[in-house]
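Single-letter residue listing:
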Amino acid sequence: PYLEKIEPERIAIAGVALFHKDKFSGETLSKEKSSLLLLMQDQLKDTSSMALILEEKSISFFTRKMKRDMEIKVDKTSGKITCNVEISLQIEVISYPQNFTEKINIKKLEKELSVVLTKQAKEIITTLLQANCDAFGIGMNISSKHPDLWKKMNWDEEYKNVQIEPKVNVKAIKTGNVY
């Protein structure tokens, strides 16, 4: 966690501190993005609550089931490293203001949430790369599965060139009282 002093005798969690090796990089993520980072790291097994703005409307939801697939590829000739992180979320919508004369288009809502969360995931990855924070353990994977390549590279410099592509897929399994 990243803590900040809000009063002389009081501190609060302001977000997530990002580390390069064992040192604080100076970069942080907001509390709002911390749940998504934990999902991307496959570290959030329990239900989490999230809130987003969709088309100027606030939506809040619980994640009920989550599956993360991460695939790291190394091009043998160029040494280029790519990492695909795909998250499938099943959510329960808690609140979503709408026009009560119209039925909610669940498929449209799922697509909008998928797009917004994927965009946020890309922003998180940009921050991770700027901080040189290997939060997904890509270096550890490369060192164990491609030791010859690992010996030739300077990971501190090479990590910034890793192409990390996130994708978030959302399925609403329960909508509570939003119909």
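Here the structure is shown first, and the text comes after it.
Note that the structure is predicted; figures quoted are calculated from it, not measured.

Asks: Is there a simple way to explain the packing of aromatic side chains in this structure?
Replies: Each pair of aromatic rings is reported with the distance of its centres and the angle of its planes. This model, assessed by the stated rule, comprises four aromatic pairs. For the ring pair Tyr 2 and Phe 24, a centre distance of 5.8 Å and an interplane angle of 20° mean the geometry is stacked. Of this pair, Tyr 2 sits in strand β1 (residues 2-7) while Phe 24 sits in strand β3 (residues 23-30), and the two are 22 residues apart along the sequence. With relative accessibility at 31%, the residue Tyr 2 sits in the partly exposed group.

Asks: How do you make sense of the environment of Val 85 when you look at a structure like this?
Replies: Positionally, Val 85 belongs in strand β6 (residues 81-95). The contacts of Val 85, once residues within four sequence positions are left out, are Met 40, Arg 68, Asp 69, Met 70, Ile 164, Glu 165, Pro 166 and Lys 167.

Asks: Sorry, what's going on with unusual backbone geometry here?
Replies: Most of the time, phi is negative for any residue but glycine, and the peptide bond is trans. Backbone geometry at Lys 21 places phi at a positive 55°, although glycine is not the residue there. Among the secondary structure elements, Lys 21 is positioned in the loop between β2 (10-20) and β3. Of the residues examined, Lys 21 reaches a relative accessible area of 64% and is grouped as exposed.

Asks: Would you explain the pairing of strand β5 (residues 57-74) in this entry?
Replies: As a general feature of sheets, a regular strand has side chains that alternate between the two faces. Two strands pair when backbone bridges link them, and strand β4 (residues 48-54) and β5 are joined in this way by seven bridges, in the antiparallel orientation. Its bridge partner being in β5, Leu 54 is matched across the sheet by Lys 57. Two successive antiparallel strands, β4 and β5, enclose a turn made up of two residues, where Glu 55 displays a positive phi of approximately 45°. Pairing of β5 with β6 involves 14 bridges; the strand directions are antiparallel. Residue Met 70 lies in a different strand from β6, and its bridge partner there is Val 85.

Asks: Looking at this structure, I do not really get helix α3 (residues 138-145). What am I missing?
Replies: Helical geometry: 3.6 residues make up each α-helical turn, so side chains three or four residues apart lie on a common side. Within α3, the full set of buried residues consists of Ile 138, Gly 139, Asn 141 and Ile 142. Looking straight down α3, one finds its buried side chains confined to an arc of 160°; they lie on one side. What points out from α3, more than 90 degrees from its buried face, is the exposed set Met 140 and Ser 144. Looking at the buried residues of α3, the elements they touch are β5, β6, α4 (147-152), α5 (155-158) and β7 (163-174).

Asks: What is the right way to look at the pattern of salt bridges in this model?
Replies: Pairing between side chains becomes possible if they bear opposite charge and their charged atoms approach one another. This structure, assessed with the given rule, holds seven salt bridges. Across the pair Arg 10 and Glu 7 runs a salt bridge, and its minimum N-O distance is 3.5 Å. Taking relative accessible area as the criterion, Glu 7 reaches 41% and is therefore assigned partly exposed. A salt bridge links Asp 156 to Lys 21, with the nearest nitrogen and oxygen atoms 3.2 Å apart. Of this pair, Asp 156 sits in helix α5 while Lys 21 is found in the loop between β2 and β3, placing the two residues 135 residues apart along the sequence. Residue Asp 156 is classed as partly exposed on the basis of its relative accessible area, which comes to 25%.

Asks: I'm lost on the sheet that holds β3 in this one. Help?
Replies: Strand pairing in a sheet is mediated by backbone hydrogen bonds. Such pairs are either parallel or antiparallel. Strand order in this open sheet of three strands is β1-β2-β3, and the pairing throughout is antiparallel. Each edge of the sheet is formed by a strand with only one pairing partner; in this case those strands are β1 and β3. Across the sheet, the mean angle separating the axes of adjacent strands is 45° when strand polarity is ignored. Two elements, β2 and β3, share five bridges in a ladder whose sense is antiparallel. Opposite His 20, over in β3, you have Lys 23 as the bridge partner. Strands β2 and β3 of the sheet are contacted by helix α2 (residues 106-131), whose axis makes an angle of about 165° with β3.

Here is what the cut-offs are and how they apply
Here the residue index of a chain counts from 1 through its sequence in written order. With the structure being a predicted model, the display of local features is reserved for residues of pLDDT at least 70 and the display and counting of side-chain atom pairs for 80 or more, all residues being used for whole-chain, interface and lining totals. Think of the side-chain values as coming from all heavy atoms in the structure, minus any hydrogens and water. Aromatic rings from Phe, Tyr and Trp, with only the six-membered ring used for Trp, were paired whenever their centres fell within 6.5 Å, and each pair was classed as stacked if the ring planes differed by under 30 degrees, edge-to-face if by over 60, and tilted otherwise. Secondary structure elements follow DSSP: runs of H or I no shorter than four residues count as helices, runs of E no shorter than two count as strands, and numbering proceeds from the N terminus. Partly exposed describes any residue whose relative accessible area lies between the buried limit of under 20% and the exposed limit of over 50%, with all areas from a 1.4 Å probe on protein chains only and scaled to the type maximum. Two residues qualify as a contact provided that any one of their heavy atoms is within 4.5 Å of a heavy atom in the partner residue. A pair of strands is treated as paired once DSSP finds two or more bridges between them. Summarising the geometry, the arc corresponds to the directions from the helix axis toward the C-beta atoms. For this analysis, a salt bridge means a side-chain nitrogen from Lys or Arg found within 4 Å of a carboxyl oxygen belonging to Asp or Glu. Helix axes are fitted to C-alpha atoms over the stretch in contact, other axes to C-alpha atoms as well, and angles between N-to-C directions run from 0 to 180 degrees.

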